[in-house]
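For reference, the chains in residue letters:
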Amino acid sequence: MTIKTWLDTAIQDAERRGLAPLRPMLETLARATSALRTADWNADASGAAELSDLDATDIVDAPAADAR
Amino acid sequence: MPAEPRTIAALARAIRAGDLSAEAATSECLARIADRNPSINAYITVLGEQALLDAKRADADLANGVDRGPLHGVPISLKDLIDVRGVPTTAASRVRDGHAARRDAVVAARLRRAGAVFLGKTNLHEFAFGTTNEDSAFGPARHPLDPNRSPGGSSGGSAASVLDGMAYASIGTDTGGSIRIPAAACGLVGLKPTVGELPLDGIVPLSTTMDHVGPIARSVEDAALLFDVMRDVPPASLPPRELRGARFGVPRGYFMAMLDPQVASAFDAVCARLAAAGAAVEDVEIRHAADIAPIYLHIVLAEAAAYHAKMLESRADDYTPNVRIRLEMGRYILAEDYARALRGRGVLAAEVDAALRGRDALLLPSLAIPAPKIGLATVKLGGVDEPVRNAMLRLTQPFNITGHPALTIPCGATLEGLPLGAQLVGASNRTHDLLRVGAAAEPYFGPGTSR
């Protein structure tokens, strides 16, 4: 889903639910989502978008979230 | 404010020397709470009678030769997100009306076993989802040095209780900075350990990927003692280490771009004092720092929304409006973007690991601004109007994302007397080493409200 489609859908849903104050926050979130999607460390199925100076060993396994 | 705020270590010595009993120390705190809590609102629940009973028992045990260690008889507070058996865990929310904890949280049980006296449950930003403690079903907690200001959050009540002499230390939680932010705002020491290092059983979650529990205390030594108890190892004094030869990395760029001028000045002074004491203070780069806020947002919102979904459907009006609307925002995050954020988490963790290579710690300010006025929405930083929440999270949230241990230590105050803090960040799973270098560096950070 493109960010534009997502934002339009989210705003429609928020307004349907009577949450109009969400609109500017969703617009802010959309900008953050755009930044996330265009970050140069994102993987790409074509393999063409891999960073030349970042290989698999540079991405640390996410540490354990808790010690339950 | 007590004339001589005492550390846990000093209280432990006084109790064993017979200068002060646990009952007297507890009574002093309770009297302070009775006097000051109506205006500071640090506590939601005060366990007065039980605390005195526990303190008397602690004194009797000591008289009979039973010594549980340095926390024996020490009165502390706990953030009202942490279960204490038989007591409500409100999370500062009407959503939790009627709740009573059936058992202690694991860390609470360890503290109790070590002899700590629980004074009560402290106020917080509702469900820990904020940085100012303004949005609470029980009203805002207020800064003891200026009641028109926030003590920081979300563990605002915890920090306020310690600063104002209503507790000797407190236990808070930290998902984006909620121990370090109020500790810095109140001139105290706050520790966020390595992610997963301390158990979170019995603690209301905000974001299971980034939640931590840890101490707010008057000294690094006290924080270390509480950390040891909570990780269930016999508490021991930190082995001293030399500051001369220690290596600190200062991340520039993003981390220094938006600072209140007095924060920047105080931080520069810390760097200069450490260098003069023989430490190496050198610039380091942390790449991809611009992605910190988007990564944090997509993880915390999605995970918080998952936890709150059922209550948002059935009891939305029981949330404070600001917290409710932000939780609702989280329900719109797509799974693919949450997955991207988790990948970004690994990328950032690798960057911080690289910056730490060959160094004892990273060194940076803890909080970009001094304690803000209650109700303030934006603050001008670097010529830009920045939302207060974003400004307050900016320097702490990176290490919730990456999971590295982080320690805030007081480093003086603004001209208006508002405390400031600087942060040390250590290698993952080396929290004890971080505390050792923190203890060595602490005298050079500058005055704190307890020093």
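Residues numbered from 1 in each chain as written. Chains lettered and ligands numbered in written order. Predicted model: local features only at pLDDT ≥ 70, side-chain atom pairs only at ≥ 80, totals over all residues. Heavy atoms only, no water.

Draft legend 1. Structural view of the overall build of chain B. The secondary structure content of chain B amounts to 15 helices and 13 strands. Taken over the C-alpha trace, chain B has a radius of gyration of 20 Å; the compact-globule value for 451 residues is 22 Å, and the two agree within 12%. Along the first, second and third principal axes, the C-alpha set of chain B runs to 60 × 60 × 40 Å. By the burial criterion, 64% of the 451 residues in chain B qualify as buried. Taking the intrachain contacts of chain B between residues at least 6 apart in sequence as the baseline, contacts between residues at least 24 apart amount to 76%. Only carbon and sulfur atoms are counted for the fraction: they give 50% of the accessible area of chain B, which is about 14900 Å². Of the side-chain charges in chain B, 47 are positive and 49 negative, and the distance between the mean point of each set is 2 Å. (Helix = DSSP H or I, 4+ residues; strand = E, 2+ residues; numbered from the N terminus. Rg over C-alpha atoms; globule rule 2.2 N^0.38 Å. Buried < 20%, exposed > 50% of the residue type's maximum accessible area, 1.4 Å probe, protein only. Contact = heavy atoms within 4.5 Å. Areas by Shrake-Rupley, 256 points an atom, 1.4 Å probe, with all protein chains shown as cover. Lys, Arg positive; Asp, Glu negative; His and termini not counted. Charge placed at Lys NZ, Arg CZ, Asp CG, Glu CD.)

Draft legend 2. Fine view of the packing of aromatic side chains. Residue and element names in this part refer to chain B. What the rule picks out here adds up to two aromatic pairs over all chains. Plain terms: the ring middles of Phe-127 and Tyr-319 are 5.8 Å apart, the flat faces sit at 40° to each other, and that makes the pair tilted. With Phe-127 in the loop between strand 3 (117-122) and helix 5 (156-163) and Tyr-319 in the loop between helix 10 (292-314) and helix 11 (321-330), the pair connects residues that are 192 residues apart, well separated along the chain. Among the residues examined, Phe-127 registers a relative accessible area of 3% and is labelled buried. Ring geometry for Tyr-254 and Phe-255: centres 5.0 Å apart, planes at 85°, overall edge-to-face. By relative accessible area, Phe-255 is classed as buried at 2%. Its end group placed over the ring of Phe-129, Arg-326 keeps NZ or CZ at 4.1 Å from the ring centre. Seen from the ring of Tyr-254, Arg-394 lies directly overhead, with NZ or CZ sitting 4.0 Å from the centre. (Phe/Tyr/Trp six-rings, centres within 6.5 Å; stacked < 30°, edge-to-face > 60°. Lys NZ or Arg CZ within 6 Å of the ring centre and 35° of its normal.)

Draft legend 3. Broad picture of helix 12 (residues 335-356) of chain B. Its 22 residues place the ends of helix 12 of chain B 32 Å apart at the C-alpha level, agreeing with the 32 Å of an ideal helix rising 1.5 Å per residue. Of the residues flanking the end of helix 12 of chain B, it is Gly-358 of chain B, one or two places downstream, whose phi is positive at about 80°. (Expected span 1.5 Å × (residues − 1).)

Draft legend 4. The arrangement of the packing of helix 2 (residues 22-38) of chain A against helix 12 of chain B in detail. One way to put it is that helix 2 of chain A packs onto helix 12 of chain B with a least axis distance of 10 Å and a crossing angle of 60°. By the angle class used here, helix 2 of chain A and helix 12 of chain B are oblique. For the pair helix 2 of chain A and helix 12 of chain B, the crossing hand works out as left-handed. Listed contacts from helix 12 of chain B to Thr-33, Leu-36 and Arg-37 of chain A of helix 2 of chain A are Glu-336, Asp-337, Arg-340 and Ala-341 of chain B. (Axes fitted to C-alpha atoms, helices over the stretch in contact; angles between N-to-C directions. Parallel < 35°, antiparallel > 145°, perpendicular 65-115°, else oblique. Left-handed = near helix turned anticlockwise from the far one by under 90°.)

Draft legend 5. View of the side chain of His-143 of chain B. Residues and elements named next belong to chain B. Here His-143 shows up in the loop between strand 3 and helix 5. Side-chain polar atoms of His-143 contact the backbone oxygen of Ala-185, separated by 2.7 Å. Discounting chain neighbours no more than four positions away, the residues touching His-143 are Ile-40, Arg-149, Ser-150, Pro-151, Leu-163, Ala-185, Cys-186, Ala-371 and Pro-419. (Polar contact = N/O pair within 3.5 Å; in protein donor to acceptor, adjacent residues only side chain to side chain.)

Draft legend 6. Spotlight on the packing of helix 10 of chain B against helix 11 of chain B. Residues and elements named next belong to chain B. Contact pair helix 10 / helix 11: the axes reach a minimum separation of 8 Å and the direction vectors enclose 110°. Classified by the angle their axes make, helix 10 and helix 11 are roughly perpendicular. Here helix 10 runs over helix 11; the crossing is left-handed. Packed against helix 10, whose contacting residues are Leu-301, Ala-302, Ala-304, Ala-305, His-308 and Leu-312, the element helix 11 presents Arg-324, Arg-326, Leu-327, Glu-328, Met-329 and Gly-330 at the interface. Its residues placed into classes, the contact of helix 10 with helix 11 shows seven nonpolar, two polar and three charged. (Nonpolar A, V, L, I, M, F, W, Y, C, P; charged D, E, K, R; others polar.)

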